[in-house]
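Chain by chain, the residues run as shown.
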Amino acid sequence: MRRYYFGILIALLAATHLSFAQSTHSASIQLQMERLNVLGSALYLAAHPDDENTKLIAYLASERKVRTAYLSLTRGDGGQNLIGTEQGIELGLIRTQELLQARKVDGGEQYFSSAFDFGFSKTAAETFKFWQKQELLKEVVWLIRKLRPDIIITRFPPDERGGHGHHQASAILAHEAFVAAGDPKMYPEQLTELAPWQPKRLLWNTASFMPLRGDDVNRLRIDIGQYNPLLGKSYGELSAISRSQHKSQGFGSASSNGVSLETFENVLGPEAYEDLFDDIDLSWNRIPGGAGIQERIQQLLASFVPEEPQRSIPQLAVLWQDVQKIEDNYWRERKGQEIENILLACAGIKVESITPQLRTTEESPIAFQTEIIVRNPGVHVELSSINGNQIAQNLPFNLKNTFEQILPSTAVTQPYWLVKPPTAGKFEVEPQHVGHPLNPDLPAARIQLRIADVPVDVHTPIQYRYVDPVRGEVHEYLQVSPVLTVSLTGNNLLLQPTEQKSLRVTFRRHGETDREIPVALRVSSQGWKVTPEIINLSFEEGQDVLSRTIEITHNGALGPATLSFAVDGKKLKQIREINYEHIARQAWFPPAEITLNPIVLDNPVKRVGYIMGAGDLVPEALRNIGTAVDILPVAGITSEILGEYDAIIFGIRAFNMQTSIGEKLPLLYDYIREGGVVLMQYNVHSRLQEEHFTPKPAPFSVSRTRVTEEDAKVTFSDPTDPVLNYPNKITADDFDHWVQERGLYFAEEIDPGYRTPLYMADENEQQHKGALLIYSMGKGKLVYTSLSFFRQLPAGVPGANRLFVNLLAKEK
């Protein structure tokens, strides 16, 4: 349950409370009370999920007790996925939730800009071409003015030492936003809601993987390896748990204890010599009238009784009244919210808003019930209203109160950054959504309570609750979907001239609809024939799912087209779910569209065996072009099984993921010698399960070299090489329309026994031959390729499919 609520909690920037999201044990309450006495804020800023220093975030949030936020400019959409086949936007959805889980552990808050992770970039200049720098700078300035950090800390420097161009760009934006946020001439339209804010200093949190420059003596070092008895863990232990939430990136981490020194380089503002917060008053003395409040908090802490936290409620109520009198709007609202959260915890109040179904539709009212219970005795709690409906009822001790409610119909719960199609480097988001990790307007109940005469607003997102026999009680986001959705078996089709393919399409209604629904099929350009042009859906009583077969014919098309489905002129959507146990279940609603691509292809490869690695969609893509694919468990591989296939393919990172793969290599090499083909897709150089997976006479090493420009020129070192000529003649045109990149983790130190028919490089870089290696063994061949086929084939890139077939085909 907590994972769901916490994600919503930190999504909300406004003054509402989620009592169920906070930890209500007494150690947590004491820590929250101690934070009341600290008036400070820190912003950590980097480019991606997993860039953040989780140990430092934990230290700042719970040792220094300042408000600590992490701004990840992107959602990590362009990375790789080690736990499934999701890529692009869906990977960004996973990594968003993983960041929220990490912040739940380390105590930070999570924010995002609208930047889209378009893949690896080598320079900040290239990054800003995609990110629309000035728009992004405006968003970062907005968040600085909103959060008012005393210090800003970057993970990376603004130059080539940062490596990834996104990393460099994040530091450049931090530098420029640091200056701009305090300047009232910059983005004056923001000043209707916010005031200029000048942080005290900007620092770079250095790391061993980035070289330093200049005199090391002038750098600040602090120890962040302390143990927190209220949390029962050191910050090194919290950091490991937090970082291990990045499961899609394979970032499981070991905990650490003892002294842990972090180094910081002063970038802007007065230098810090002893402490990150040098010359910054973190006490109540920083605001007029605060000295008396600080004394009250000290008394509150001195009299706190862990066994009876409710005894602190009268003091908290007086403290809240005092805070309402201070003139500083930011700290009045911030500390008022903190006190209200502590009041909820001390009273032991639990609030849930429950609906009996996971999904409803955009046209339907939402019936739910709100459950409220006060679990600590001797507390006067009044329920004033729910969603504006006046109730005025005292809540008794330890009795569950249930209130039936109906919420008017709401919009589809599409993640706000996906409502409009993104550009190549940026999501199109409305200004009110900037920064939010999740939708701030999910269907919810708004409950008004009074605790010891203090008004407290509680915001409870409506949830579906059920019991899983293994996981126990589970809470899920309520999903609001279109009334009618479409399920498709893929997002593209490749068709040869005059070829006809059948496509099975499934329609699902999620609520009451007309019995008869005409669905129009639309193709965006000529040269394609779709039959029928209209599908008349007729749902019987109690029937919610209908499947139909359509025929698509390549009828002289000269280029790609998009097939879509519409009712009354409105395009239909799909519903796609992402469901992993370590994060909240998510649903999103992409357009119900299929890209139709013409291709000229000779494919003699009829059946292949596929050894999965980190997870990819290459098997589905191969089936799309007529090749049967069997997934082979490593343990079951035998010579007899290998002999059934035209070729054996290793999925991406197979040698990083498959622990026993080395035991099967002799069988695979024998298979090659007997005339088989083995194709290995890229691996990364770290954490190889089998260090020496290449044939002994023909070694090579795996590097970090990439060609990130998807349109980088490809040169044929030997145009007569068989893989460029059979069964398909490969030309420069076959490298058109590739997506995101050419390849990654290229081979280096390549034995001369390999053929390397392709050269390529990013602009102004040296040509590299490590994208494609072919090694002849007996009657067969071994292919090792770092080309990003795992992106190109599922995207339906015709030339990539033609080349991949050539690599699998037996050479004549």
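For the structure itself, consult the block above.
This section reports on the structure supplied with the text. Note that the coordinates shown come from a computational prediction; the quantities given were computed from them, not determined experimentally.

About the cut-offs
Residues numbered from 1 in each chain as written. Predicted model: local features only at pLDDT ≥ 70, side-chain atom pairs only at ≥ 80, totals over all residues. Heavy atoms only, no water. Helix = DSSP H or I, 4+ residues; strand = E, 2+ residues; numbered from the N terminus. Rg over C-alpha atoms; globule rule 2.2 N^0.38 Å. Buried < 20%, exposed > 50% of the residue type's maximum accessible area, 1.4 Å probe, protein only. Contact = heavy atoms within 4.5 Å. Areas by Shrake-Rupley, 256 points an atom, 1.4 Å probe, with all protein chains shown as cover. Lys, Arg positive; Asp, Glu negative; His and termini not counted. Charge placed at Lys NZ, Arg CZ, Asp CG, Glu CD. Pairing = 2+ DSSP bridges. Axes fitted to C-alpha atoms, helices over the stretch in contact; angles between N-to-C directions. Polar contact = N/O pair within 3.5 Å; in protein donor to acceptor, adjacent residues only side chain to side chain. Parallel < 35°, antiparallel > 145°, perpendicular 65-115°, else oblique. Arc of directions from axis to C-beta. Salt bridge = Lys/Arg side-chain N within 4 Å of Asp/Glu carboxyl O. Phe/Tyr/Trp six-rings, centres within 6.5 Å; stacked < 30°, edge-to-face > 60°. Left-handed = near helix turned anticlockwise from the far one by under 90°. Nonpolar A, V, L, I, M, F, W, Y, C, P; charged D, E, K, R; others polar.

**Some thoughts on the overall build of the protein chain**
Per the secondary structure count, the protein chain includes 17 helices and 44 strands. Compactness check: the protein chain gives a C-alpha radius of gyration of 29 Å against a globular reference of 28 Å for 812 residues, within 12% of the reference. Projected onto its principal axes, the C-alpha positions of the protein chain cover 90 × 75 × 55 Å. Of all 812 residues assigned to the protein chain, the portion counted as buried reaches 59%. Taking the contacts inside the protein chain whose residues are at least 6 apart along the sequence as the reference set, 74% of them involve residues at least 24 apart. Accessible area of the protein chain: about 32,400 Å², with a carbon and sulfur share of 50%. The averaged location of the 98 negative side-chain charges in the protein chain is 1 Å from the averaged location of its 80 positive side-chain charges.

**Describing the sheet that holds strand S12 (residues 366-374)**
Pairing is mixed in the open sheet, where five strands are placed in the order S15-S12-S10-S18-S19. Looking along the sheet, the strands with just one partner apiece sit at the ends: strand S15 (401-407) and strand S19 (472-477). When strand polarity is set aside, the average angle formed by the axes of neighbouring strands in this sheet is 40 degrees. Bridge analysis of strand S18 (residues 463-468) against S19 gives six bridges, and the strand direction is antiparallel. Bridged to Tyr-464 within S19 is Glu-476.

**Notes on the environment of Gln-310**
Structurally, Gln-310 is set in the loop between helix H9 (291-303) and helix H10 (313-323). When the C-alpha atoms of Gln-310 and Phe-116 are compared, they prove to be 46 Å apart, with 194 residues separating the residues in sequence. Not counting chain neighbours up to four residues away, the residues in contact with Gln-310 comprise Cys-346, Asn-376, Pro-377 and Val-379.

**Topic: the pairing of strand S13 (residues 381-386)**
By the criterion of burial, S13 is predominantly enclosed, with five of the six residues buried. Sheet topology note: the S13/strand S14 (residues 389-394) ladder contains four bridges and is antiparallel. Bridge assignment links Leu-383 to a residue of S14, and that residue is Gln-393. Hairpin remark: S13 followed by S14, antiparallel, with two residues in the connecting loop; positive phi at Asn-387, about 50 degrees.

**Considering the sheet that holds strand S25 (residues 528-531)**
The strands making up a sheet are joined through hydrogen bonds of the backbone, oriented either antiparallel or parallel. If you walk across this open sheet you meet the four strands as S21-S23-S27-S25, and the pairing is antiparallel. Where the open sheet ends on each side, the last strands, each with one partner, are strand S21 (484-487) and S25. Each adjacent strand pair in this sheet contributes to an overall mean axis angle of 30 degrees, direction not counted. Bridge analysis of S25 against strand S27 (residues 545-554) gives four bridges, and the strand direction is antiparallel. Note that in S27 the partner of Lys-529 across the bridge is Thr-553.

**Topic: the side chain of Arg-95**
Relative to the helices and strands, Arg-95 resides in helix H4 (residues 89-106). Classification of Arg-95 by relative accessible area gives buried; the value is 3%. Separated by 2.8 Å, the side chain of Arg-95 and the backbone oxygen of Pro-49 make a polar contact. Not counting the four nearest positions on each side in its chain, Arg-95 is found in contact with Pro-49, Asp-50, Arg-75, Gly-76, Gly-79, Ser-248 and Gln-249.

**Overview of the pairing of strand S26 (residues 534-538)**
Along S26, the buried face is formed by Ile-535 and Leu-537; none of Ile-534, Asn-536 and Ser-538, which line the opposite face, is buried. Relative to S26, strand S24 (residues 516-523) is paired through five bridges, and the arrangement is antiparallel. By the bridge assignment for S26, Pro-518 is matched with Asn-536.

**Points about the packing of helix H5 (residues 124-131) against helix H7 (residues 165-180)**
At a closest axis distance of 8 Å, the pairing of H5 and H7 adopts a crossing angle of 75 degrees. In terms of axis orientation, H5 runs roughly perpendicular to H7. Packed against H5, whose contacting residues are Ala-124, Thr-127, Phe-128 and Trp-131, the element H7 presents Gly-165, His-166, Gln-168, Ala-169, Ile-172 and Leu-173 at the interface.

**Describing helix H15 (residues 665-673)**
Among the residues making up H15, those that are buried are Leu-665, Leu-668, Tyr-669, Tyr-671 and Ile-672. Buried residues of H15, viewed axially, fall in a sector of 155 degrees; they line one side. The inward-facing, buried residues of H15 abut helix H13 (639-642), strand S35 (647-650), helix H14 (654-657), strand S36 (677-681), strand S43 (772-777) and strand S44 (780-785).

**Points about the pattern of salt bridges**
Within this structure, the stated rule accounts for 40 salt bridges. Between Glu-135 and Lys-138 there is a salt bridge whose closest N-O contact spans 3.9 Å. Placement of the pair is Glu-135 and Lys-138 together in helix H6 (residues 133-147), with a separation of three residues, close to one helical turn. Under the relative-accessibility criterion, Glu-135 is labelled partly exposed at 35%. Between Lys-325 and Asp-322 there is a salt bridge; the shortest N-O distance is 4.0 Å. One network of salt bridges, in which partners are shared, links Arg-67, Glu-109, Arg-334, Lys-335 and Glu-338.

**Structural notes on the environment of Glu-160**
Note on placement: Glu-160 falls in the loop between strand S4 (151-154) and H7. Look at Glu-160 and you get exposed, because its relative accessible area is 56%. Measuring from C-alpha to C-alpha, the distance between Glu-160 and Arg-687 comes to 26 Å, with 527 residues separating the pair along the chain. Residues within four places of Glu-160 in sequence aside, it is in contact with Gln-168 and Arg-213.

**Some words on the packing of aromatic side chains**
Counted according to the given criterion, the structure contains 21 aromatic pairs. When the centroid spacing of 5.2 Å and the interplanar angle of 25 degrees are considered together, the rings of Tyr-464 and Tyr-466 count as stacked. For Tyr-466, a relative accessible area of 19% translates into the label buried. Aromatic pair Tyr-682 and Tyr-745: ring centres 5.7 Å apart, planes at 5 degrees, arrangement stacked. Here Tyr-682, found in the loop between S36 and strand S37 (701-702), pairs with Tyr-745, found in the loop between strand S40 (743-744) and strand S41 (747-748); they are 63 residues apart in sequence, far enough to count as distant.

**Quick word on the side chain of Ser-26**
In this structure, Ser-26 sits in helix H2 (residues 26-36). Within polar-contact distance, the side chain of Ser-26 engages the backbone oxygen of Pro-306 at 2.5 Å.

**Some points on the packing of H4 against helix H8 (residues 235-243)**
For the pair H4 and H8, interaxial distance at closest approach is 8 Å and the crossing angle is 165 degrees. When the interaxial angle is binned, H4 and H8 end up roughly antiparallel. You can see that H4 and H8 cross each other, and the crossing is right-handed. Along the contact surface, H4 presents Ala-102, Arg-103, Val-105 and Asp-106, while H8 presents Leu-238, Ile-241 and Ser-242. Residue composition of the contact of H4 with H8, by class: four nonpolar, one polar and two charged.

Function-wise, these values are silent; they only describe arrangement.
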